Amino acid sequence: SGLSPGISSLTYEDSLQVGYLESKVYSDNKSLIANLHNMENELIAKDINNVSKNRHNLSLKYIDNNKTMQGYMLAYEGKYDGKPIIYIADLVSTRTNPMIGGKLVMEFINLYKHYYSDKNNLIPILAQARETTGYLLIKNGLNNFSKKLKKNVSVHELKTYQVGKDTMHTMLIQISELQSQ
């Protein structure tokens, strides 16, 4: 499935741009900045797992007309309690264009639909998000997610915790068939 303009796959080769973007976006809360070494390892591990386990790359980036990364979403398939799950580990965008985060989420939904939902593989999604940004995007996008997939989409908050001055949410997003009336 073709990606929207400005959006492409995020890979380990993007590590430096990801680190730079994080340092700009999280300048107000340094505790949220992933150590560059850890981020690079996570991107490399995701890419190796995708290839070795024949999984699709669900991680995305948004590049502007100046070839500068303005946002990214780190997402990948893994296991949770021994069952398949899709992790949304990070969703970051600059404040230059408030639409970037939404575009990344919508593109992720398209990928989920194409690779999972259309094949009746309704793997749940585990997301960690900052209350003031990604959390609101996900909560507000549920209706679109449900309509796009033609499925029920529900969110269960697993935990809420503080990182510095930010409230973080861990959410389990479950997708199920629509019940006929």
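Just above sits the structure.
All values reported here derive from a predicted model rather than from experimental measurement.

### Details of the overall build of the protein
- Helix and strand counts for the protein come out as four helices and seven strands.
- Since a compact globule built from 181 residues should have a radius of gyration of about 16 Å, the 16 Å found for the protein is in line with a globular shape.
- Along the three orthogonal principal directions, the C-alpha set of the protein runs to about 50 × 35 × 35 Å.
- Per-residue burial over the protein gives 44% buried out of 181 residues.
- Considering only intrachain contacts with a sequence separation of at least 6, the fraction spanning at least 24 residues in the protein is 63%.

### Quick word on the pairing of strand E3 (residues 69-80)
- In terms of burial, E3 is a largely internal element, nine of the 12 residues being buried.
- Bridge count between strand E2 (residues 60-63) and E3: four bridges; the pairing is antiparallel. Opposite Lys61, over in E3, you have Tyr72 as the bridge partner.
- Where E2 hands over to E3, the hairpin turn is made up of five residues, of which Lys67 adopts a positive phi near 65 degrees.
- Connecting E3 to the antiparallel partner strand E4 (residues 83-93) that follows it, the hairpin turn spans two residues, and Asp81 within it adopts a positive phi of roughly 55 degrees.

### Details of the sheet that holds E2
- Strand order in the open sheet made by the seven strands is E1-E2-E3-E4-E5-E7-E6, with mixed pairing throughout. Two strands close off the open sheet at either side, each with one partner strand: strand E1 (7-9) and strand E6 (151-163). Averaged over neighbouring strand pairs, the angle between their axes works out to 20 degrees when direction is ignored.
- Inspection of the sheet shows E1 paired to E2 by three bridges, in the antiparallel sense.

### Re the nonpolar core
- Ile86, Phe108, Tyr112, Ile125, Phe145, Ile173 and Ile175 are the most contacted members of the largest nonpolar core, which totals 31 residues.
- Going through the elements one at a time, E2, E3, E4, helix H3 (99-115), strand E5 (125-130), helix H4 (134-149), E6 and strand E7 (166-177) are the ones with two or more residues in this core.
- Counting residues per element, this core draws most heavily on H3, at seven residues.
- Residues within four places of Ile86 in sequence aside, it is in contact with Leu58, Tyr76, Glu77, Phe108, Tyr112, Tyr116, Ile123, Pro124, Ile125 and Leu126.
- Listed in part, the 10 residues of the second largest apolar core include Leu10, Ile63, Met69 and Tyr72.

What counts and how
- Residues numbered from 1 in each chain as written.
- Predicted model: local features only at pLDDT ≥ 70, side-chain atom pairs only at ≥ 80, totals over all residues.
- Heavy atoms only, no water.
- Helix = DSSP H or I, 4+ residues; strand = E, 2+ residues; numbered from the N terminus.
- Rg over C-alpha atoms; globule rule 2.2 N^0.38 Å.
- Buried < 20%, exposed > 50% of the residue type's maximum accessible area, 1.4 Å probe, protein only.
- Contact = heavy atoms within 4.5 Å.
- Pairing = 2+ DSSP bridges.
- Axes fitted to C-alpha atoms, helices over the stretch in contact; angles between N-to-C directions.
- Core = buried A, V, L, I, M, F, W, Y, C linked by side-chain atoms within 4.5 Å.

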